[in-house]
Amino acid sequence: MDNKRSEKILQVDGHEVSINFADNPNPAVINQVKQILLASFIANTSKPQSSGILAI
């Protein structure tokens, strides 16, 4: 069996990250990566600033 894998290289915050896609998905790894990405997104979103009440 030919075990070809697809590879991608990304730049994230100045760091080079290589990603290899296996032939068979691994649900545990998929869930862990989703959690890491979600946590990173939440940590980097800007927090709304309360600047007072708008009165017209």
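Every chain begins its residue count from 1, and numbering advances along the sequence as written. For a predicted model such as this one, the threshold for reporting local features is a pLDDT of at least 70, and the threshold for listing and counting side-chain atom pairs is 80 or more; totals across whole chains, interfaces and linings nevertheless cover every residue. Calculated side-chain values reflect all of the structure's heavy atoms, with hydrogen atoms and water omitted.

**Some remarks on the overall build of the chain**
Secondary structure elements follow DSSP: runs of H or I no shorter than four residues count as helices, runs of E no shorter than two count as strands, and numbering proceeds from the N terminus. Looking only at helices and strands, one finds one helix and two strands in the chain. Helices (α) and strands (β) of the chain occur, in sequence order from the N terminus, as β-β-α. Relative accessible area decides the class of each residue, using a 1.4 Å probe on protein chains only: under 20% of the type maximum gives buried, over 50% gives exposed, and in between gives partly exposed. Counting across all 56 residues of the chain, residues that qualify as buried make up 0%. Each accessible area is a Shrake-Rupley result for a 1.4 Å probe, and residues are judged covered by the shown protein chains and nothing else. In the structure as shown, the chain presents an accessible area of about 5,800 Å², 57% of it carried by carbon and sulfur atoms.

**Here we look at the environment of Asn 20**
The topology assignment puts Asn 20 in strand S2 (residues 15-21). Along the chain, Asn 20 and Glu 7 lie 13 residues apart, while their C-alpha atoms are 4.4 Å from each other. Here, two residues are considered to be in contact whenever any of their heavy atoms come within 4.5 Å of each other. In this structure, Asn 20 is in contact with Ser 6 and Glu 7, ignoring residues within four places of it in sequence.

**Thoughts on the confidence of the model for the chain**
The pLDDT averaged across the chain works out to 79; a share of 71% of its residues lies at or above 70. On a scale of 0 to 100, pLDDT captures the predictor's confidence in every residue. Averaged pLDDT values over the elements of the chain bottom out at 86 in strand S1 (residues 6-12) and peak at 88 in helix H1 (residues 27-44).

**Some words on the pairing of S2**
The pairing criterion is simple: DSSP has to find at least two bridges between the two strands. Strand direction decides the pairing type here: S1 and S2, joined by seven bridges, are antiparallel. Note that in S2 the partner of Val 12 across the bridge is His 15. Counting the residues that bridge the hairpin from S1 to S2 gives two residues, and of these Asp 13 lies at a positive phi of roughly 50°.

**Comments concerning a nonpolar patch on the surface**
For patch detection, residues must exceed 30% relative accessible area and be free of salt bridges, and they are connected within 9 Å for like charges or within 5 Å for nonpolar side chains (Val, Leu, Ile, Met, Phe, Trp, Tyr). A pair is scored as a salt bridge if a Lys or Arg side-chain nitrogen falls within 4 Å of a carboxyl oxygen belonging to Asp or Glu. Where nonpolar side chains cluster on the molecular surface, the patch consists of Leu 10, Val 12 and Val 17 and spans about 210 Å² of accessible area. Structurally, Leu 10 is set in strand S1.

**Observations concerning unusual backbone geometry**
Apart from glycine, the bulk of residues carry a negative phi angle, and the bulk of peptide bonds sit in the trans form. The backbone phi angle of Asp 13 is positive, close to 50°, even though this residue is not glycine. Its location among the elements puts Asp 13 in the loop between S1 and S2.

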